[in-house]
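Here's the letter readout for the chains.
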Amino acid sequence: MTLTPPFAQVIVDIAHADVDKVFTYAIPQGMALQIGMRVEVPFGYQEKEGYILGFASSCDLAPDKIRDIKATLEDYPAILPPLVELAREMSRNAHCPLAETLRLMIPAQLRRGRISIKYEKVAQLLLSGDSLQAARAAQTRSAKRRLLIDLMADGAVHPLSELGLLVRSPLEPLKKLEEMGVIRLFEREVLRSPYPDAPIKVEDPILTPGQEEVLSEIIPALQDGQGSFLLHGVTGSGKTEVYIRAVRETLAKGKCAIVLVPEIVLTPQMVGWFRGRFSDDAAVLHSRLSAGERYDEWRRIRLGQAKVVIGARSAVFAPVSHLGLIIVDEEHESSYVSDRVPAYDAREIAKSRARREGATVLLASATPSILSFAKARRGDYTLLEMPDRVNGMSMPEVTIVDMRKELRLGNKGMFSMELLSRLDQCMALGQQAMLFINRRGYAPSVVCRMCGHTLGCSLCDVSLTYHAWDGQMHCHYCGQKTPLPGSCPECSSSYLRSVGVGTQKVEEEVVKRYPDIPVVRLDHDTTNLKDAHRDLINRFRSGQARIMIGTQMIAKGLDFPKVTLVGAILADLSLNLPDYRSPERSFQLLTQVAGRAGRADMPGQVVIQTYQPEHYAIIAAASQDYRKFFNTEFDRRRRDLYPPFTMLARMLCQSKDEKTAREMSSAIYQKVDALLQLNPVMKKRVLFYREDVSPIKKIMGRSRAQVFLKLLVHPDSEAVLAALQEMTKESWPGEVALEINPASMA
Ligand code: ADP
Ligand code: ZN
Ligand code: ZN
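Residues numbered from 1 in each chain as written. Chains lettered and ligands numbered in written order. Predicted model: local features only at pLDDT ≥ 70, side-chain atom pairs only at ≥ 80, totals over all residues. Heavy atoms only, no water.

## A look at the coordination of the zinc ion (ligand 2)
Four donors placed tetrahedrally around a metal ideally meet at 109.5 degrees, and six donors placed octahedrally ideally meet at 90 or 180 degrees.
Then, number 1: The protein atoms that coordinate the zinc ion (ligand 2) are C448 (SG), C451 (SG), C488 (SG) and C491 (SG), at distances spanning 2.3 to 2.4 Å.
Then, number 2: Its four donor atoms give the zinc ion (ligand 2) angles of 105 to 112 degrees at the centre, a pattern that matches the tetrahedral case.
Then, number 3: Mapped onto the sequence, the residues coordinating the zinc ion (ligand 2) show the spacing C-x2-C-x36-C-x2-C. Within this pair, whereas C451 is found in the loop between strand 20 (445-448) and strand 21 (465-467), its partner C488 is found in the loop between strand 23 (481-483) and strand 24 (496-499), the two being separated by 37 residues in sequence. (Donors = N, O, S within 2.8 Å, 3.2 Å for Na, K, Ca; no water. Tetrahedral: all angles 85-135°; square planar, octahedral: opposite > 155°, others 65-115°. Helix = DSSP H or I, 4+ residues; strand = E, 2+ residues; numbered from the N terminus.)

## Structural notes on the pairing of strand 31 (residues 702-712)
Then, number 1: With nine of its eleven residues buried, strand 31 lies for the most part within the structure.
Then, number 2: Of the pairings in the sheet, the one linking strand 29 (residues 646-655) to strand 31 comprises ten bridges and is antiparallel in character. Residue pairing across strands places Q654 opposite R704, the latter belonging to strand 31.
Then, number 3: Counting the residues between successive antiparallel strands, the hairpin from strand 30 (residues 686-699) to strand 31 contains two residues, one of them, M700, with a positive phi of roughly 50 degrees. (Buried < 20%, exposed > 50% of the residue type's maximum accessible area, 1.4 Å probe, protein only. Pairing = 2+ DSSP bridges.)

## Observations concerning the pattern of salt bridges
Then, number 1: In this structure the tally under the stated criterion is 48 salt bridges.
Then, number 2: Of the charged contacts in the structure, one is a salt bridge between E120 and R188, with a shortest N-O distance of 3.1 Å. One end of the pair, E120, is in strand 6 (residues 118-125); the other, R188, is in strand 8 (residues 183-190), and 68 residues separate them in sequence.
Then, number 3: Of the charged contacts in the structure, one is a salt bridge between D523 and R521, with a shortest N-O distance of 2.9 Å.
Then, number 4: Since its relative accessible area comes to 0%, D523 is described here as buried.
Then, number 5: Linked through salt bridges whose partners overlap, the residues forming this network are D204, E241, R245, R248 and R277. (Salt bridge = Lys/Arg side-chain N within 4 Å of Asp/Glu carboxyl O.)

## With respect to the environment of L558
Then, number 1: Turning to its location among the elements, L558 is positioned in the loop between strand 26 (547-550) and strand 27 (563-568).
Then, number 2: The buried category is assigned to L558, whose relative accessible area is 1%.
Then, number 3: Distance in space between the C-alpha atoms of L558 and Y669 is 47 Å, their sequence separation being 111 residues.

## A short note on the site of ligand 1
Then, number 1: In the vicinity of ligand 1, 16 residues are found, and the nearest of them are I206, G236, K239, T240 and D559.
Then, number 2: I206 has a polar backbone atom sitting 2.7 Å from a nitrogen atom of ligand 1.
Then, number 3: In the environment of ligand 1, an oxygen atom lies 3.1 Å from a nitrogen or oxygen atom belonging to the backbone of G238.
Then, number 4: Out of a free accessible area of 570 Å², ligand 1 has 78% covered by protein chains.
Then, number 5: Tallying contributions element by element places helix 8 (residues 239-252) first for the shell around ligand 1, with three residues.
Then, number 6: Among the residues making up the shell around ligand 1, the classes are represented as five nonpolar, seven polar and four charged. (Near = heavy atom within 4 Å. Polar contact = N/O pair within 3.5 Å; in protein donor to acceptor, adjacent residues only side chain to side chain. Areas by Shrake-Rupley, 256 points an atom, 1.4 Å probe, with all protein chains shown as cover. Nonpolar A, V, L, I, M, F, W, Y, C, P; charged D, E, K, R; others polar.)

Following this line, the structure appears as structure tokens:
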């Protein structure tokens, strides 16, 4: 047998370093293939899915060794060529198998045929003109068949469900018509829609001078398909309208746009705004979609039916062709970084795609990340600013309350006098308030008053949070629930007591104080049902509820015109985490929460309660002074050698067995030590390295130990990181992973 070129180069969908190479297959007669198509191939004794990566005109395998591609899985490339290139680049950078990065480019359910395509029965006329008239006239025995012909006279494809609304039981007469050759009956794919309501048309507002100015810089860049911008616009400056106009400009040029928003900001509100302006041109990708909906949205995008994609982090891989613009809203959000293998930062991917596909990038935030703002100062981004709120509204007035003083004055409650009196006033005036605390549950720990023992999770090294609604203790890491024991497991005393404050306790206090005022609570516990999030927000928006209590879920993106008071119950929560980014995160969170107040025609007030009123992050958030915060924080990072001046890396070792985890981290420490002793060039760039327990020693039953390194930003450091990456591939008795500047230090 002689084989005729070309041959197809296929990556088999098995994410294992040993199979991470391209295999060559023969192409059967008549099979049309393109790069990025998914195919079924024989692999060993099995059938596997694979991706077409390229073609070759020769093959050095013996003809009897080379096998045929069995079938194509779709008749179009599921992965567009630029996304194949992106996957290659990611696999190189993250040192992980290509099959793994290719998987990011398609909905998970597409693999291994786990998706069910929904079909509907449809009918269409085959005849027209005189022959149709003749066929109609021939239906003397059935008025139903004549009516059906009339209904389909426009020649379009008509779903049977639609015909059934006008003609009872249309199937029999239609079958008859089909037999007569008048129509054809067939099935076609239906796309499931995740939108319960039709889009509401929205009129364009007149742009503010700030919006005009910013757009006058962005629009010429769209023309040229280049440019990267960082937009610093204060809360309520009208960033969304800038996105909408920039997207519209992109569509007018025949190109597509991707708008990334943090998952929790994917509120019905944001989606509503975009659907209102772009109606069915907009597609939405988020984690609450069912598998079918997600697949169908993906298909609409891939087939060019939707031209604007709004989605969370992974939407950066959306299969749009003719990409013209990528927007990253709330760009400072840590949720843009995925720590799961293959790790990526959606902002970096956005830049890489934009470069490759000739598109513009727009990052935007009221509180840009220190890293992005530093890059803008260096000239990597063009900095755009909108320092004023829409319609000349002033920024809210912020008061910092020192909770230590409250305690000294004998107030042991969670509300300061200041916050209470303002809340009273706000309620008396019929306005709305938001109370923010970044902790869900009733109380973050349960402690024995006799022996001081704190009840912890059996699988994780964290304390259990008491939840009032089910009377159980929940682990916020693994989700395990345990009933509250009658007595202390350590000393058997019955003096167990919950300490600290979470959203449920705040709710309880509020309800006690304002029994007649309806309250909504927005946190992970109240919003995990499919539409709960939207319903709660609508109850507040319509004015049915007057106080909203919530976690960081309420801090971002929401725009409620009637909110005049915002209270941060305990601002210190995010400040005390053992992470060099705590001040940055606290500043961002507080500035964002404060920004929920006074967004329309009534001025806003904000009360920040804290035990550290002198902390620079709190003071800067209170004055909503981004520059001041940036300068202080940037100097601190330079002085204390934190990113972006250094890189942090850790080799995280995990095992079911604590001893194994420790042994792995010791062995890795030895290896790192030996490596650096041997390579003085590398050693010069490593500020320190040490073996550590992880801040959380156990999560979901897996013990964690680590080797932690701080490196200077320098090409020689890359060599160190590459060597560490190689170490992870050795055979270990547990899991070893390299994390560079991880989003979470836990
Ligand atoms: P940001 O995201 O910057 O905090 P938003 O985009 O939520 O601000 O806008 C704040 C409010 O101002 C919204 O209610 C929005 O509808 C309104 N708005 C934005 N631009 C205009 C404009 N040009 N004219 C009138 N209202 C506007
Ligand atoms: Zn005890
Ligand atoms: Zn747990």
